[in-house]
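# Working through the structure, step by step
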Amino acid sequence: MAHARESVGPLSARLVGVAYFFLFFGVGGWGPYFPLWMSSIGCSGWQIGLAGGLQPIVRWASATGYAYVADRWRIRYQLTVWTAFAGALCYLPLLFTHRFDVLMVVFGLIAMFHGPLIPMVEAAVVDHLAELGNDYGRLRMWGSIGFIVGAWGSAPIIQASSPRAVPVLLLVGIVPMAAAMVGLPRGQRGRAARFRAPWQLWSLPLAVFLLAGFLLQVSCGAWTLFFPRHTHALGMSDAVPGITFGLAVVVEVAILYWGRSLLAAANPARLLLVVLLVNVVRWGLTAVVTNQWLVIGLQLGHVFSFIIFHLAALALLARLIPPQSTTSGQALYGLVAFGLGGSVGQMLAGALVDRVGTAGLFGVEAIITGAAVPLGVWLLWLVDRPVPLAAR
């Protein structure tokens, strides 16, 4: 039988906001400065690409396994809390070791334990959305605010000291993040008897969507790993990446705040197509412009490649995935788009950056995103057809 769904009120909504805040606070301190930190301890471009590239696939493969267990035995809450605390402990070795082989083991453990957190938190919120106020965007907005605080708060500290301060800054957010997971809603929708594993959820529209999402995330490899190197090559301050990431997420917060109105007014498949077209332009222009403010301004397009894509994805998944498999659907989406796509994109970026430079790398990303545009058109046609999605 399904677990009883406890009463969820304003306090729970605030606790969810706190969980989102700290979940993404560490990402804000890690994302912009991870490559600079690895460079500062002597890692080469291919090592940065390998370390960064393996993270998404390990995270999301782990998340898929945990999702199966969470949905099959209805223990999502317990797994979320346990993995949050276990993963937090794995950050401690970063304070003491700079050996690449040891770092790879540490990164693998972090990914294995913390990989499931985002899909399990998202699934918990989706399951309880009506009781939490029925506005996903305004809950998820606190994650973006946490990212801004992490990125902008880290920038002056790293500028005043060095990128070697990154592991210490990470621990500032990781410990309260683990504690915040305790406040999440506990129940799950549906019955275990009707559960479908992640590999049993496939349909043609879902496959087309996931392939488009895969290519979109492959195209983000240069932004994820080498935007700091790109701005450094253009003669900009080391604080520019953190400021840029933070500004991009400020726009993201605004989109999340009004996200319910956006989704109510737009077909999610059409939104995905717009995301793909915007990113072709974004990466193409990033490859050629050198003015600092233009470079920063172009990266506001991050709101399309991440949050508008994510809002469209959640709306599509709600139509394509049965409610009793919410966690598995989130994990499958994350595995293909952010896991496989993120890993391939980052490893490809690491392999190419020393050969073509960062400007050439962004040009390659524009071509990859362009290859996803026909898939976006196909998905729009599939979703708009007057045929029940379940029959496709």
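Predicted model only: the values in this text are computed from it and were never measured.

Before going further, it helps to spend a moment on the overall build of the protein. In terms of regular secondary structure, the protein is built from 16 helices and zero strands. For the C-alpha atoms alone, the extent of the protein along its principal axes is close to 60 × 45 × 35 Å. Residues counted as buried form 59% of the 392 residues belonging to the protein. Counted over contacts in the protein with a minimum sequence separation of 6, partners at least 24 positions apart contribute 87%.

What follows concerns the side chain of serine 62. Tracing the backbone through its elements, the reader meets serine 62 in helix H3 (residues 45–73). On the basis of relative accessible area, serine 62 is assigned to the buried category, the value being 12%.

This part covers the packing of aromatic side chains. Evaluated as defined, the whole model comprises 16 aromatic pairs. Connected via pairs of aromatic rings, a cluster forms that spans Trp60, Phe209, Phe306, Phe309, Tyr333 and Phe338. The ring of phenylalanine 24 carries arginine 140 above its face, with NZ or CZ at 4.0 Å from the centroid.

As for its position among the elements, alanine 63 is in helix H3. Those residues within four positions of alanine 63 in sequence are excluded, and the remaining contacts are Gly115, Pro116, Pro119 and Ala331.

In this section: a nonpolar patch on the surface. Taken together, Leu54, Val58, Val105, Leu109, Met112 and Met347 make up a surface patch of nonpolar side chains, about 420 Å² in accessible area. Elements supplying a minimum of two residues to the nonpolar patch: H3 and helix H5 (100–114). In terms of residues, the nonpolar patch owes the most to one element, H5, which gives three residues. Looking at the element boundaries, methionine 347 is found in helix H16 (residues 326–384). Methionine 347 sits in the partly exposed class, given a relative accessible area of 32%.

Once that is clear, we can look at the side chain of threonine 80. Note on placement: threonine 80 falls in helix H4 (residues 76–89). For threonine 80, the side chain forms a polar contact with the main-chain oxygen of arginine 76, separated by 2.8 Å. Every residue in contact with threonine 80, bar those within four places of it in the chain, is listed here: Leu117, Met120, Val121, Met181 and Leu184.

A few words now on the state of the cysteines. By definition, a disulfide links two cysteine residues through a covalent bond between their sulfur atoms. Under the definition given, this model contains zero disulfides. Summary of cysteine pairing: cysteine 43 is not part of a disulfide, and the nearest cysteine sulfur, belonging to cysteine 90, is at 19 Å. Residue cysteine 90 is classed as buried on the basis of its relative accessible area, which comes to 12%.

Interhelical geometry of H4 versus H5 gives an angle of 165° and a closest axis separation of 8 Å. Considered as vectors, H4 and H5 are oriented roughly antiparallel to each other. For the pair H4 and H5, the crossing hand works out as left-handed. Between H4 and H5, the residues in contact are Trp82, Thr83, Ala84, Ala86, Gly87 and Ala88 and Ile110, Phe113 and His114, respectively. Looking at the contact of H4 with H5 residue by residue, the class counts come to six nonpolar, three polar and no charged.

This part is about unusual backbone geometry. In this structure, arginine 74 is a non-glycine residue whose phi angle is positive, near 55°. Position of arginine 74 among the secondary structure elements: in the loop between H3 and H4. Assessed through its relative accessible area of 3%, arginine 74 is described here as buried. With phi around 60°, asparagine 134 is a residue other than glycine that occupies positive phi space. Relative to the helices and strands, asparagine 134 resides in the loop between helix H6 (117–127) and helix H7 (136–160).

Below, the discussion takes up the pattern of salt bridges. Evaluated as defined, the whole model comprises five salt bridges. The shortest N-O distance in the salt bridge between arginine 138 and aspartate 135 comes to 3.3 Å. Residue classification places aspartate 135 among the buried residues on the basis of a relative accessible area of 9%. The shortest N-O distance in the salt bridge between arginine 229 and aspartate 354 comes to 2.6 Å. Placement of the pair is arginine 229 in helix H10 (residues 221–233) and aspartate 354 in helix H16, with a sequence separation of 125 residues. For aspartate 354, a relative accessible area of 51% translates into the label exposed.

Our focus in this paragraph is the packing of helix H9 (residues 204–218) against H16. Look at H9 against H16: their axes get within 3 Å of each other, and the N-to-C directions meet at 160°. On the basis of their axis angle, the class for H9 and H16 is roughly antiparallel. Between H9 and H16 lies a crossing whose hand is left-handed. Across the contact of H9 with H16, the residue classes tally to 26 nonpolar, six polar and one charged.

Analysis parameters
- Residues numbered from 1 in each chain as written.
- Predicted model: local features only at pLDDT ≥ 70, side-chain atom pairs only at ≥ 80, totals over all residues.
- Heavy atoms only, no water.
- Helix = DSSP H or I, 4+ residues; strand = E, 2+ residues; numbered from the N terminus.
- Buried < 20%, exposed > 50% of the residue type's maximum accessible area, 1.4 Å probe, protein only.
- Contact = heavy atoms within 4.5 Å.
- Phe/Tyr/Trp six-rings, centres within 6.5 Å; stacked < 30°, edge-to-face > 60°.
- Lys NZ or Arg CZ within 6 Å of the ring centre and 35° of its normal.
- Patch = residues over 30% accessible without salt bridge, like charges linked within 9 Å, V, L, I, M, F, W, Y side chains within 5 Å.
- Areas by Shrake-Rupley, 256 points an atom, 1.4 Å probe, with all protein chains shown as cover.
- Salt bridge = Lys/Arg side-chain N within 4 Å of Asp/Glu carboxyl O.
- Polar contact = N/O pair within 3.5 Å; in protein donor to acceptor, adjacent residues only side chain to side chain.
- Disulfide = S-S within 2.5 Å.
- Axes fitted to C-alpha atoms, helices over the stretch in contact; angles between N-to-C directions.
- Parallel < 35°, antiparallel > 145°, perpendicular 65-115°, else oblique.
- Left-handed = near helix turned anticlockwise from the far one by under 90°.
- Nonpolar A, V, L, I, M, F, W, Y, C, P; charged D, E, K, R; others polar.

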